[in-house]
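Architecture and fold: a report
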Amino acid sequence: MEKFVIKGGKRLKGTVRISGAKNAAVAVLPAVLLADSPCVIENLPEISDVTAICNCLEALGSKVKYLDNTTVEIDPTGVNSFVVSAAMAKNMRASSYFLGALLGRMKRARVAPPGGCNFGVRPIDQHIKGFEALGAKVSIENGMVEARCQKLGGGSVYLDVVSVGATINIMLAAVKARGTTVIENAAREPHIVDLANFLNSMGANIMGAGTNVIKIRGVEQLNGTTYSVIPDQIEAGTYLVAAAATKGDVTITNVIPKHLESIIAKLVETGATVEQGDEDVRIYLKGRAKKCKVKTMPHPGFPTDMQPQMATLLATADGTSIITEGVWDNRFRYVDQLTLMGAQVQVDGKTAVITGVEKLNSAPVKAVDLRAGAAMIIAGLMAEGTTEIEEIQHIDRGYEKIVEKFTALGADIKRVTDSEAGGLFKAN
Ligand code: EPU
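Quick summary incoming for the structure in this document. (Residues numbered from 1 in each chain as written. Predicted model: local features only at pLDDT ≥ 70, side-chain atom pairs only at ≥ 80, totals over all residues. Heavy atoms only, no water.)

Concerning the overall build of the protein
For the protein, the helix and strand inventory stands at 14 helices and 24 strands. Relative to the globule expectation of 22 Å for 428 residues, the C-alpha radius of gyration of the protein, 22 Å, shows essentially globular dimensions. Burial status across the protein gives 56% buried among its 428 residues. Intrachain contacts of the protein at a sequence separation of at least 6 include 73% that bridge at least 24 residues. For the protein, the accessible surface area stands at approximately 16500 Å², while carbon and sulfur atoms represent 48% of it. If you average the places of the 47 positive and of the 45 negative side-chain charges in the protein, the two averages end up 3 Å apart. (Helix = DSSP H or I, 4+ residues; strand = E, 2+ residues; numbered from the N terminus. Rg over C-alpha atoms; globule rule 2.2 N^0.38 Å. Buried < 20%, exposed > 50% of the residue type's maximum accessible area, 1.4 Å probe, protein only. Contact = heavy atoms within 4.5 Å. Areas by Shrake-Rupley, 256 points an atom, 1.4 Å probe, with all protein chains shown as cover. Lys, Arg positive; Asp, Glu negative; His and termini not counted. Charge placed at Lys NZ, Arg CZ, Asp CG, Glu CD.)

Pasting the structure below:
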């Protein structure tokens, strides 16, 4: 097993280039199944979730060719299977997008329930509601989600909860359906807009992505295209928070600053100075961070996927901060790990009260999920002494070259195997 070993206490300084967005890539790649000819997808992040989706596309019968580390050519013309097995689906949440994409392509999909981060129950009732509104029958058979129909027609769907996944899945199923589909109370995340742009560049007719009403006029055919995925809002936010947490001075490049507004607003409240360029953002923080209140919400609110990282920064802020989780039922599982490092956090339901301490101490901790793992790295960078982080496979799902990027900013972080680690865990 691999671990990260971090010697904390160094201020991050320098420039880091942000990779393509995980949550856009994992929607755009399955959407290639809807094309009648090959697509080239550029600016993909080099992360294990992307590899998993590409493997899945290959297993379904697509030809997948890596043109370089971040560009892949996918020819979906030979796809002959509608089954995504449990082995293929187990490690990623986005496997559910194969339901919408295969339904749109083959009018039939059998997909194992998705894996991914554990935030308590992760229902797909809104996805199913959408498929049914388009005329599909959905059932659970032998532990697999089965969706099928003779033909897909347009339909109106009001989402009872704002769901990124349901919005994407309904778009995928509706884009080649006969007639017009309207999704109300749709999610507005940047990756929803990116998927719509990708589908439109293939010949789809999608309007309103980025607002809460999306209208999709079904088209007969989608053609292959070349498309570049947007930069990763959450990777960008993670480096901004890490910079502030280490009282550093960091410029992130290849970003869309508009996507970072809610994150930047909170960082400014903590006392950071933020300078925005066209495609870059510089942040620096002098002195101790100030307390603040954060409530996570669907876009354009503060992203839930930045909540653990922000809580970590606030762990050493001056004063008491309050974080309210407005998206997931159970996204404070990382708090136990943070308290091992000396943070003072009280969780009551969906609220965490963080009493800022002077400093964090190193400790052996775990990445309980992807963003929790990023938070542990930030905590390790802030802490005095050597921190070891276990279960880093969660982090590899979503952060490209994280050791290399933090090292280039002056951090002392290494990826080691169990036998090379300093023995912090063996002592326990
Ligand atoms: N929900 C339902 N029914 C559904 C779908 C969702 O009740 O059918 C609820 C969920 O339980 C949750 C809320 O709606 O309380 C929002 O869930 P959503 O469907 O938006 O989440 P998701 O599509 O499963 C994506 C990201 C997550 C991110 C959430 C919220 C991807 C692959 N995943 O998940 O990202 O936390 O949106 O923004 O896009 C991450 O990148 O670390 C990550 C977990």
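Some details on the packing of helix H8 (residues 233-245) against helix H9 (residues 261-269)
For the pair H8 and H9, the least separation of the axes is 10 Å and the interaxial angle reads 10°. The orientation of H8 relative to H9 falls into the category roughly parallel. Across the interface between the two elements, Gln 233, Gly 237, Leu 240, Val 241 and Ala 244 from H8 touch Ile 263, Ile 264 and Leu 267 from H9. Grouping the amino acids of the contact of H8 with H9 by side-chain chemistry returns six nonpolar, two polar and no charged. (Axes fitted to C-alpha atoms, helices over the stretch in contact; angles between N-to-C directions. Parallel < 35°, antiparallel > 145°, perpendicular 65-115°, else oblique. Nonpolar A, V, L, I, M, F, W, Y, C, P; charged D, E, K, R; others polar.)

Comments concerning the packing of helix H5 (residues 125-133) against helix H6 (residues 164-174)
The interhelical angle for the contact between H5 and H6, taken along N-to-C directions, is 25°, at an axis separation of 8 Å. Judged by the inter-axis angle, H5 sits roughly parallel to H6. Once H5 is placed against H6, the crossing between them reads as right-handed. Facing Gln 126, His 127, Gly 130 and Phe 131 of H5, the residues of H6 in contact are Gly 165, Ala 166, Asn 169, Ile 170 and Ala 173. Counted by class, the contact of H5 with H6 contains four nonpolar, five polar and no charged residues. (Left-handed = near helix turned anticlockwise from the far one by under 90°.)

Notes on the nonpolar core
In terms of nonpolar packing, the biggest core is built from 78 residues, with Leu 29, Ile 41, Phe 98, Met 171, Leu 195, Phe 198 and Leu 199 touching the most fellow members. Setting aside residues no more than four positions away along its own chain, Phe 198 makes contact with Val 28, Ala 31, Val 32, Cys 39, Ile 41, Thr 225 and Tyr 227. The next biggest cluster of nonpolar side chains, apart from the first, holds 72 residues, and it includes Ile 264, Val 281, Cys 292 and Ala 411. (Core = buried A, V, L, I, M, F, W, Y, C linked by side-chain atoms within 4.5 Å.)

Comments concerning the sheet that holds strand E3 (residues 39-42)
Taking strand neighbours across the sheet as the criterion, the four strands line up as E4-E5-E3-E14 in an open arrangement whose pairing is mixed. Sheet topology places strand E4 (63-68) and strand E14 (226-228) at the edges, where each strand pairs with a single neighbour. Taking the axes of each pair of neighbouring strands and ignoring which way they run, one obtains an average angle of 20° across the sheet. For E3 and E14, the ladder comprises three bridges, and the chain directions are parallel. In the sheet register, Glu 42 faces E14, and the bridge partner there is Ser 228. The strands that helix H2 (residues 48-59) touches are E4 and strand E5 (71-75); relative to E4, the one it contacts most, it runs at about 140°. (Pairing = 2+ DSSP bridges.)

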